Amino acid sequence: MRFLSDLTVWLALMVLVTAHLPEDNGDDEAQVESEDFEGPSVTSEHVKSEDDVIYITPETHPDVFFAEHFDDEAYFSKKWTKSQAKKDGTDAAIAKYDGEWSLETATKDPLNGDMGLVMKSKAKHAAISAKLRKPFQFHSKPLVIQYELNFQNGQDCGGGYIKLLSHSKDMDLRYFTDKTPYTIMFGPDKCGSDAKLHFIFRHVNPLNKTVEEKHCKKLDTKERTLFEEFFKDKRPHLYRLILNPDNTFEISVDYKLFNHGTLMDHFEPPVNPPAEIDDPMDEKPKDWDEREKIPDPDSVKPADWDESQPKQIQDESATMPDGWLEDEPDMIPDSTAEKPDDWDDDLDGEWEAPLVNNPICESAPGCGKWVQPMIENPRYKGKWFPALINNPNYKGKWKPRKIPNPDYFHDPEPFKMTSIGAVGIELWSMSDDIYFDNLLITDSLDIAKEWSADTFDLKVQKLDASDAGTIRRIINYSNRNPWLYAVYLVVVGLPLVLIVTFCCSGSGDSSDKDIPTEGGKNQLNPKKTDEVQDDDQPEDEDRGDNDEDQEEAQEGEEEEEEEEEEEPEEVTRRSTRKRRARKE
């Protein structure tokens, strides 16, 4: 078994070494192909590893309203504006938007040349924004919002949403705060166990021009459970919102549909108020009877109904158990307790040791004064109440009358929101290194798909290749070095054969009941007995006494050595029998 243990360790080392072998770039194979193929030579530069992912900064389509890949630091510094404002209603020490922003690569398996916007600070207000190339106006084309987000250090409390700021001629992004008017807010948010995927739009009342936030209803339980993983898996995720002119919307994460509906019926409070409301001046009449059941006036309490009987009474037939210690209290002061050094009798009163269970009572049925147990009272009936009957004067639950809603309006096209002039990120988070990338605002879903294919899909491909684990790395390397499969066959097959051999072979210690016998003789070890056997050799009568004594002495020594391995009682018994046989 020690051999098997050492072999197992050796096998594990072989697997680990193979898993960490350097990736083969195909140089040797390329050289072989160049020798066998008549034509241009094939070098290692033409052979790429299957895990190589080439990233090229995507080009901005001329028709998009906003596109940011964060790969150009010089262009970024001109395009984006960090807020210099302070948040109202907040302590002065943390009111300033002084959170740090930085352009960096992802912390895990970044693409070559790919950068992202990272919020570096935690427990600080941070805000940054940029204007659109041209304002988006809600007319006849859909709005598509798309961006990548990665909580690289997880997220306990904070968000990763973006805001589409309402367009205005006097917009100054240096003073971008949480009070800056926005048209749409979209993205994830989490604090504690409450995880949300925000889609909020600000609706303008067509009657009085007041603005009210409309919140998309929460995700279903199944989608919410899956969504919560995005805050802790430390991977990038692609958030996409499609808002159509027919008032429908779709929200997807990593191309999976998470929420959908219409602006008319999927938001709280609803876009359009009710046509009728309760009359605030209406009052319930004094004679309005809402009682559905009333006591039967003809019902009379029975003469033998005794309400004075208690629900439980003492069991008069019970007797005190034998061994009950009435003179011993069940709790006694703790003799090991000491008065605290800071105890002040004047302030704290006289100190008393805390009570502990009386150890004498542990072996007794009980201690202290014995009281008969309580049992249910068979004569108990409780308080008498008359039976209930239907109320002949019942009028139902009263409700105020309805009147036309003076604030009623019907907006058939809530899609036509306030124009969008800028995009902003305004956050406060208890986690740092929140990574934003590849933010796109367009009216074409096809452009959004091309953009994600050139950015997000490559990241996922790179991460999947990296996360495939040891097994895939072994397979990939082995496919390029087929001779390794012979090594695997030896290091895996040989231990299996040895294990089967050791486990399936007999131990030789089978009990007597498993040993075949014939005529009372042990067939597997017929000589292990004191009785005369058929194959015993007859003694040579001419053998001398000295030879016989020497042979018996040698045989006795061998048998005594075997007996040392047996139980002491058996050794004594067998030794006595052998000595008697030799003496005879």
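For every chain, the first residue of the written sequence is number 1, and numbering continues from 1 along that sequence. pLDDT decides what is reported in this predicted model: residues at 70 or higher carry local features, side-chain atom pairs at 80 or more are listed and counted, and totals for whole chains, interfaces and linings draw on all residues regardless. Think of the side-chain values as coming from all heavy atoms in the structure, minus any hydrogens and water.

Caption draft 1: Summary view of the state of the cysteines. Any pair of cysteine sulfurs within 2.5 Å is marked as a disulfide. Per the stated rule, a full pass over the model turns up two disulfides. One disulfide bridge connects Cys 157 with Cys 191, the sulfur atoms lying 2.1 Å from each other. Judged by the sign of its S-S torsion, about -85 degrees, the cystine formed by Cys 157 and Cys 191 is left-handed. Here Cys 157 is found in strand β7 (residues 157-159), whereas its partner Cys 191 is found in strand β9 (residues 182-191), with 34 residues between them in sequence. The class for Cys 157 is buried, based on a relative accessible area of 17%. Each helix is a run of DSSP H or I of at least 4 residues and each strand a run of E of at least 2, with the numbering of both proceeding from the N terminus. Here's how the labels work: a residue is buried when its accessible area is under 20% of the maximum for its type, exposed when over 50%, partly exposed in between, all with a 1.4 Å probe on protein chains only.

Caption draft 2: A look at helix α7 (residues 445-454). Taken together, the buried positions of α7 are occupied by Ile 447, Ala 448, Trp 451 and Ser 452. Projected down its long axis, α7 carries its buried residues within an arc of 130 degrees, all on one side. Throughout, a residue-residue contact means that at least one pair of heavy atoms, one from each residue, lies within 4.5 Å. In this fold, the buried residues of α7 make contact with β1 (66-68), β6 (143-151), β12 (237-243), β25 (434-442) and α8 (456-467). Residues adjacent in sequence count toward polar contacts only when both atoms are side-chain atoms; beyond that, a polar contact is any pair of N or O atoms within 3.5 Å, and within protein one must be able to donate a hydrogen and the other to accept it. The N-terminus of α7 is capped by Ser 444, whose side-chain oxygen sits 3.4 Å from the backbone nitrogen of Asp 446. Arc definition: directions from the helix axis to the C-beta atoms.

Caption draft 3: Seen up close, the packing of α7 against α8. An axis is simply a line fitted to the C-alpha atoms; with a helix, the fit covers only the stretch in contact. Between two such axes, the angle follows the N-to-C directions and lies from 0 to 180 degrees. At a minimum axis separation of 3 Å, α7 and α8 run at an interaxial angle of 30 degrees. Of the possible angle classes, the one that applies to α7 and α8 is roughly parallel. Residue-level inspection shows Ser 452, Ala 453 and Asp 454 of α7 in contact with α8, the latter providing Phe 456, Asp 457 and Leu 458. Among the residues making up the contact of α7 with α8, the classes are represented as three nonpolar, one polar and two charged. Just so you know how the angles are binned, under 35 degrees is roughly parallel, over 145 roughly antiparallel, 65 to 115 roughly perpendicular, and the rest oblique. In this classification, the charged set is Asp, Glu, Lys and Arg, the nonpolar set is Ala, Val, Leu, Ile, Met, Phe, Trp, Tyr, Cys and Pro, and all remaining amino acids, among them Gly, are polar.

Caption draft 4: Region of the structure containing the nonpolar core. Take the buried Ala, Val, Leu, Ile, Met, Phe, Trp, Tyr and Cys residues and link them wherever side-chain atoms come within 4.5 Å; each set so joined is a nonpolar core. With 64 residues, the main nonpolar core has Leu 143, Ile 184, Phe 199, Leu 243 and Phe 436 as its most contacted residues. By residue number, the principal contributor to this core is strand β5 (residues 125-136), which donates six residues. Among all residues touching Phe 199, those that are not within four sequence positions of it are Ile 184, Met 185, Lys 214, His 215, Cys 216, Leu 241, Leu 243, Phe 249, Ile 251, Leu 263 and Phe 267. By size, the runner-up hydrophobic cluster in this structure holds eight residues, among which are Val 64, Ala 67, Val 144 and Ile 242.

Caption draft 5: Focus on the pattern of salt bridges. Throughout this description, the term salt bridge denotes a Lys or Arg side-chain nitrogen within 4 Å of a carboxyl oxygen of Asp or Glu. Applying the stated criterion to the full structure yields 21 salt bridges. Glu 212 is the partner of Lys 214 in a salt bridge, and the nearest nitrogen-oxygen pair spans 2.7 Å. Assessed through its relative accessible area of 1%, Lys 214 is described here as buried. The class for Glu 212 is partly exposed, based on a relative accessible area of 41%. Where Asp 345 meets Lys 339, a salt bridge forms, and the shortest distance between an N and an O atom there is 3.2 Å. One connected set of salt bridges, linked through shared partners, spans Asp 114, Glu 148, Asp 437 and Lys 459.

Caption draft 6: Inspection of the pairing of strand β14 (residues 256-262) at higher detail. The rule for pairing is simple: two strands pair if DSSP sees at least two bridges between them. Where strand β13 (residues 248-253) lies against β14, six bridges are found, and the strand directions are antiparallel. Within β14, the residue paired with Ile 251 across the bridge is Asn 259. Two successive antiparallel strands, β13 and β14, enclose a turn made up of two residues, where Asp 254 displays a positive phi of approximately 55 degrees.

Caption draft 7: Seen up close, the packing of aromatic side chains. Only rings of Phe, Tyr and Trp enter the pairing, Trp through its six-membered ring, and a pair is recorded when the two centres are within 6.5 Å. The plane angle decides the type: under 30 degrees is stacked, over 60 is edge-to-face, the rest tilted. A full pass over the atoms with the stated rule returns 21 aromatic pairs. The interplanar angle of 20 degrees and the centroid separation of 6.2 Å between the aromatic rings of Tyr 147 and Phe 436 together place this pair among those described as stacked. Taken together, the residues span a long stretch of sequence, with Tyr 147 in strand β6 and Phe 436 in strand β25 at a distance of 289 residues. The class for Tyr 147 is buried, based on a relative accessible area of 1%. A residue is classified by how much of its surface remains accessible, and Phe 436, at 1% relative accessible area, is buried. These aromatic residues form a ring-pair network of at least three members: Phe 151, Phe 227, Phe 230, Phe 231 and Phe 258. The ring of Phe 66 carries the charged tip of Lys 79 above its face, separated from the ring centre by 4.2 Å. Lying over the aromatic face of Phe 65, Lys 134 brings its terminal NZ or CZ to 5.0 Å of the ring centre. Either the NZ atom of lysine or the CZ atom of arginine qualifies as a charge over a ring when it sits within 6 Å of the ring centre and within 35 degrees of the ring normal.

Caption draft 8: Geometry of helix α10 (residues 484-504). Taking 1.5 Å per residue, 21 residues should reach 30 Å; α10 reaches 30 Å between its end C-alpha atoms and fits that length. Here α10 has its buried residues at Leu 484, Tyr 488, Val 491 and Pro 495. The span one expects for a helix is its residue count, reduced by one, times 1.5 Å.

Caption draft 9: Structural context of the side chain of Gln 152. Note on placement: Gln 152 falls in the loop between β6 and β7. What Gln 152 contacts, discounting residues up to four positions off in sequence, is Ala 106, Thr 107, Val 118, Lys 234, Asp 433 and Tyr 435.

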